[in-house]
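Observations on the three-dimensional arrangement
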Amino acid sequence: MDIKYLGHSAFEFNINGKKILIDPFLFCVPEYKIEHINDIFVTHAHGDHLGNAIEISQKTGAPITAIFELANYCAKKGAIATDIGLGAWQDYSWGRAIAVPAFHSSSTPDGVYGGCPCGFVFEIDGQTIYHAGDTCLNSEMKMIGEVYRPDIVMLPIGGKYTMDIEHAVTAAEWLGASEVIPMHYNTFDAISINIEEFERQIREIGKMPRILKIGE
Ligand code: NI
Ligand code: MN
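Quick summary incoming for the structure in this document. (Residues numbered from 1 in each chain as written. Chains lettered and ligands numbered in written order. Predicted model: local features only at pLDDT ≥ 70, side-chain atom pairs only at ≥ 80, totals over all residues. Heavy atoms only, no water.)

Next up on the list: the pairing of strand S10 (residues 127–131). A regular strand places its side chains on the two faces of the sheet in alternate fashion. With 4 of its 5 residues buried, S10 lies for the most part within the structure. For strand S9 (residues 118–124) and S10, the ladder comprises 5 bridges, and the chain directions are antiparallel. Considered in S10, the bridge of Glu 123 is made with Thr 128. Counting the residues in the hairpin turn of S9 and S10 gives 2 residues, including Asp 125, whose phi is positive at 50 degrees. Bridge count for S10 against strand S11 (residues 152–156) is 3 bridges, and the pairing is parallel. Each bridged residue has a counterpart across the sheet, and for Ile 129 the counterpart in S11 is Ile 152. (Buried < 20%, exposed > 50% of the residue type's maximum accessible area, 1.4 Å probe, protein only. Helix = DSSP H or I, 4+ residues; strand = E, 2+ residues; numbered from the N terminus. Pairing = 2+ DSSP bridges.)

This is the structure in structure tokens:
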């Protein structure tokens, strides 16, 4: 499986030719070609996560997987949507996914309640990947580490609205993953951080920081 960073909290997974998008806010990659998408996952309703999901679903026919209220909102706006609740695996043609708690808020850009925010754990080709969405450090991460044993984790590190570097390092320890991909930083001023500091601190706890360039 290939993981491509699309900036902010957006990722594309390419699983033997099947493509899924997570939090497809494509602001950082205006040249990104929207085609052949199998599934879209959205962690919560904020504009920098819902992003271009509705138009991508309309264009490609890919369903959006999101928490019940957000899935309903997307369906009302003309997208194809699959709702998911916290706590049960859902099967897909490329693997399976489960929604896990995130501590944040969730309303759409036009002010509609988006249900609870979440993160996702994916099991794909024998690998477990955790995308935290927007969240503070929280003790659920100990549970996620113990129950799902992620190999790769994507953690927000920009502070202000989410964890900062210090808390993301603690989260990485609790999650037990060997590789840590930072996200949700340096997109705008309020979340600007020194990425070398993140890299240093993650190495210090014996883990591999995977700092992906946008489009890499
Ligand atoms: Ni948010
Ligand atoms: Mn955000």
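Before going further, it helps to examine helix H4 (residues 140–148). Residues of H4 that are buried include every one of Met 141, Ile 144, Gly 145 and Tyr 148, and no others. Mapping the buried residues of H4 onto a view down its axis gives an arc of 110 degrees, with all of them on the same face. Facing away from the buried side of H4 by over 90 degrees, the exposed positions are Glu 146 and Val 147. Those residues of H4 that are buried are in contact with strand S8 (95–101), S9, S10 and helix H5 (165–175). In the stretch just after H4, Arg 149 is the one whose phi turns positive, near 50 degrees. (Arc of directions from axis to C-beta. Contact = heavy atoms within 4.5 Å.)

To continue, consider the sheet that holds strand S1 (residues 2–5). Spatially, 6 strands are ordered S1-S2-S3-S4-S5-S6 in an open sheet, and the strand pairing comes out mixed. Looking at strand neighbours, the two that pair on one side only are S1 and strand S6 (81–84), the edges of this open sheet. Adjacent strand axes in the sheet meet at a mean angle of 25 degrees, parallel and antiparallel pairs treated alike. Note: S1 against strand S2 (residues 11–15), 4 bridges, orientation antiparallel. The residue of S2 that forms the bridge with Tyr 5 is Phe 11. (Axes fitted to C-alpha atoms, helices over the stretch in contact; angles between N-to-C directions.)

Turning next to the coordination of the nickel ion (ligand 1). Those protein atoms acting as donors to the nickel ion (ligand 1) are His 44 (NE2), His 46 (ND1), His 104 (NE2) and Asp 134 (OD), and they sit at 2.2 to 2.3 Å. Coordination at the nickel ion (ligand 1) comes from 4 donor atoms whose angles at the metal span 87 to 176 degrees, giving a geometry best classed as irregular. The motif formed by the donor residues of the nickel ion (ligand 1), counted along the single chain, is H-x1-H-x57-H-x29-D. Taken as a pair, the nickel ion (ligand 1) and the manganese ion (ligand 2) lie 3.1 Å from each other and share Asp 134 as a ligand. With His 46 in the loop between strand S4 (39–41) and helix H1 (47–50) and His 104 in the loop between S8 and S9, the pair connects residues that are 58 residues apart, well separated along the chain. Classification of His 46 by relative accessible area gives buried; the value is 19%. Overall, His 104 belongs to the partly exposed group, its relative accessible area being 25%. (Donors = N, O, S within 2.8 Å, 3.2 Å for Na, K, Ca; no water. Tetrahedral: all angles 85-135°; square planar, octahedral: opposite > 155°, others 65-115°.)

Another point: the environment of Gly 85. Among the structural elements, Gly 85 can be located in the loop between S6 and strand S7 (90–92). Distance from Gly 85 to Asp 39, taken between C-alpha atoms, is 17 Å for residues 46 residues apart in sequence. Each residue touching Gly 85, except ones within four places of it in the same chain, is listed here: Ile 67 and Ala 99.

This brings us to the environment of Val 29. By the secondary structure assignment, Val 29 is in the loop between strand S3 (18–22) and S4. Of the residues examined, Val 29 reaches a relative accessible area of 3% and is grouped as buried. Residues Val 29 and Gly 7 lie 22 residues apart in sequence; the distance between their C-alpha atoms is 7.1 Å. Excluding residues that lie within four positions of it along the chain, Val 29 makes contacts with Leu 6 and Ile 214.

On to the sheet that holds S7, then. Spatial ordering of the open sheet is given by S7-S8-S9-S10-S11-S12-S13, a layout of 7 strands whose pairing is mixed. Of all strands in the sheet, those with a lone pairing partner are S7 and strand S13 (208–209), marking the two edges. In this structure, strand S12 (residues 179–183) lies alongside S13, joined through 2 bridges in parallel fashion. From the neighbouring strand, Val 180 faces S13, where its bridge partner is Pro 209. Contacting S8, S9 and S10, H4 runs over the sheet at an angle of about 155 degrees to S8.

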